[in-house]
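This is what each chain is made of:
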Amino acid sequence: MPELPEVEVVRFGLEQHVVGRVVSSVEVHHPRAIRRHLPGAADFSGRLAGRKVVAVRRRGKYLWAELDEGLALLTHLGMSGQMLVQPVGAPDEKHLRVRFRFADDGAELRFVDQRTFGGLLVDELVTVDGTSVPLAIAHIARDPMDPAFSPREVIAALRRKHTEIKRALLDQNLVSGIGNIYADEALWRARLHWSRPTDRLSAAKAGEVLTAATDVMREALGAGGTSFDALYVNVNGQSGYFDRSLAVYGQEGLPCQRCGTAIRREPFMNRSSFFCPRCQRRG
Ligand SMILES: [Zn+2]
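Residues numbered from 1 in each chain as written. Predicted model: local features only at pLDDT ≥ 70, side-chain atom pairs only at ≥ 80, totals over all residues. Heavy atoms only, no water.

Student: Outline helix 3 (residues 151-160), supporting the account with residue identities and numerical values.
Tutor: For helix 3, the set of buried residues is V154, I155, A157 and L158. Axial view of helix 3: buried residues confined to an arc of 165 degrees, hence all on one face. What points out from helix 3, more than 90 degrees from its buried face, is the exposed set R152, E153 and R160. (Buried < 20%, exposed > 50% of the residue type's maximum accessible area, 1.4 Å probe, protein only. Helix = DSSP H or I, 4+ residues; strand = E, 2+ residues; numbered from the N terminus. Arc of directions from axis to C-beta.)

Student: Which residues make up the domain arrangement of the chain, and what are the values?
Tutor: As assigned here, the chain comprises domain 1 (4-137) and domain 2 (151-226 + 242-275). Facing the eight residues of domain 1 at the interface are nine residues of domain 2. Taken together, domain 1 and domain 2 are joined by zero salt bridges. Looking at the side of domain 1 that touches domain 2 element by element, the count peaks at five residues for helix 1 (residues 4-18). (Domains from an automatic or database assignment. Contact = heavy atoms within 4.5 Å. Salt bridge = Lys/Arg side-chain N within 4 Å of Asp/Glu carboxyl O.)

Student: With reference to specific residues and values, describe unusual backbone geometry.
Tutor: A positive phi angle, close to 65 degrees, is found at D105, a residue other than glycine. By the secondary structure assignment, D105 is in the loop between strand 6 (96-102) and strand 7 (108-113). The backbone of D129 shows a phi angle near 55 degrees, a positive value even though the residue is not glycine. Locating D129 in the fold gives a position in the loop between strand 8 (119-128) and strand 9 (131-134). Accessibility expressed as a relative area gives 66% for D129, which makes it exposed.

Student: Quick rundown of the coordination of the zinc ion? Include the residues and the values.
Tutor: Protein coordination of the zinc ion is provided by C256 (SG), C259 (SG), C276 (SG) and C279 (SG), with donor distances spanning 2.2 to 2.4 Å. Classification of the site at the zinc ion as tetrahedral follows from its four donor atoms and the range of 99 to 115 degrees in their angles at the metal. Going along the chain, you hit the donors of the zinc ion in the pattern C-x2-C-x16-C-x2-C. By relative accessible area, which is 4% here, C256 ends up buried. (Donors = N, O, S within 2.8 Å, 3.2 Å for Na, K, Ca; no water. Tetrahedral: all angles 85-135°; square planar, octahedral: opposite > 155°, others 65-115°.)

Student: Give a description of the confidence of the model for the chain that names residues and reports values.
Tutor: Confidence in the prediction of the chain, expressed as mean pLDDT, is 90, and 92% of residues score 70 or more. Every residue in residues 225-241 is under pLDDT 50, and counting partners more than four places away or in other chains gives 31 contacts. (pLDDT = per-residue confidence, 0-100.)

Student: Talk me through the nonpolar core; I want residue IDs and the actual numbers.
Tutor: Residues L169, I178 and V209 are the most contacted members of the largest nonpolar core, which totals 34 residues. Looking at this core, the elements with two or more residues in it are helix 3, helix 4 (165-170), helix 5 (180-189) and helix 6 (203-224). Counting residues per element, this core draws most heavily on helix 6, which supplies eight residues. (Core = buried A, V, L, I, M, F, W, Y, C linked by side-chain atoms within 4.5 Å.)

Student: I'd like to hear about the sheet that holds strand 5 (residues 81-86), residue by residue, with values.
Tutor: In a beta sheet, neighbouring strands pair by backbone hydrogen bonds and run either parallel or antiparallel. The strand order across the open sheet formed by four strands is 1-6-7-5, and the pairing between neighbours is antiparallel. Only two strands of the sheet have a single partner each, and these edge strands are strand 1 (23-28) and strand 5. Here the average twist between neighbouring strands, direction ignored, is 15 degrees. Here strand 1 pairs with strand 6 via five bridges, running antiparallel. (Pairing = 2+ DSSP bridges. Axes fitted to C-alpha atoms, helices over the stretch in contact; angles between N-to-C directions.)

Student: Summarise the pattern of salt bridges; cite the residues concerned and give the values.
Tutor: According to the stated counting rule, one finds 25 salt bridges in the structure shown. R58 serves as the salt-bridge partner of D143, at 2.9 Å between the closest nitrogen and oxygen. Taken together, the positions of D143 in the loop between strand 9 and helix 3 and R58 in strand 2 (residues 53-59) put the pair 85 residues apart, joining distant regions of the chain. For the pair D143 and R58, one class covers both residues: buried. Here D129 and R142 are joined by a salt bridge, their closest N and O atoms 3.7 Å apart. Of this pair, D129 sits in the loop between strand 8 and strand 9 while R142 sits in the loop between strand 9 and helix 3, placing them 13 residues apart in sequence.

Student: Describe the pairing of strand 6, listing the residues and the values that go with them.
Tutor: Counted residue by residue, strand 6 has six buried out of seven residues, so it is predominantly covered. Pairing between strand 6 and strand 7: four bridges, direction antiparallel. Residue pairing across strands places F100 opposite L109, the latter belonging to strand 7. Counting the residues that bridge the hairpin from strand 6 to strand 7 gives five residues, and of these D105 lies at a positive phi of roughly 65 degrees.

Student: Would you mind going over the side chain of E66 in detail, with residue names and values included?
Tutor: One can find E66 in strand 3 (residues 62-67). Taking the relative accessible area as the measure of exposure, E66 reaches 14% and is therefore buried. A polar contact of 2.6 Å, which involves the side chain of E66, links it to the side chain of R57. Excluding its chain neighbours within four sequence positions, the residues that come into contact with E66 are K52, V53, V54, A55, R57, L71 and L125. (Polar contact = N/O pair within 3.5 Å; in protein donor to acceptor, adjacent residues only side chain to side chain.)

Student: I'd like to hear about the environment of G118, residue by residue, with values.
Tutor: Within the secondary structure, G118 sits in the loop between strand 7 and strand 8. When its relative accessible area of 0% is taken as the criterion, G118 is described as buried. On a C-alpha basis, the gap between G118 and T75 in space is 7.5 Å, while along the polypeptide they are 43 residues apart. Those residues in contact with G118, other than ones at most four positions away along the chain, are R32, A33, R35, R36, H76, L77, G78, F111 and D113.

Structural data, given as structure tokens:
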């Protein structure tokens, strides 16, 4: 499943290839890919035709092309979604869901998604807290890579909640873009067990775990940032691109890099939490 760093690579790649171009036509090959666009395929295609791509932006794991006339093409890659730029006439991918053609008749943009958990919709842009965002994600909090992200506000909000720290880190209304993998990695770095109550965390400790989450995502982005162009057509939600050097996630039974104790796994919200039982006490 693509995490924030992978989505950021897709955003960067799209920025290089589609900004300044005008959409001429759109073909929807599978209705499920636009299921969140409630008026349907004809409306989806009709609203995009003639629109110019002004910018490509991201918040958390949501990606959108900012269009002229106050519109946005909002995308979530889901489990396996890919945005591919292909030469006109290149054979269709088996799981091609939506094709975008441009007025310049150069390469086309394709949304390919094997498992169809991802999706697209045309949305209106609204201004929230001084930033233009698609209406459908107006409630999603800024992610830690956002230049306007305020750790102080998030720390305060986190400590007001009566919940477990990992649930808070995954709460997209509090801070976006931290998925299961990076939450576990951040908690290990900050030496916190995932079930620690947020209202009993010191501001310093809450700050530490947020910084750790930011660092671990930045490192992943740095590791994958060498060949953006080739990478971007290869971004694949299933295998992932980044060679994540993970300390705990998926490391059950292996020694903790800090203390040598075997990493443990516990069930967490239909998924898993990985942690070092010695470094990360329940407290
Ligand atoms: Zn340890």
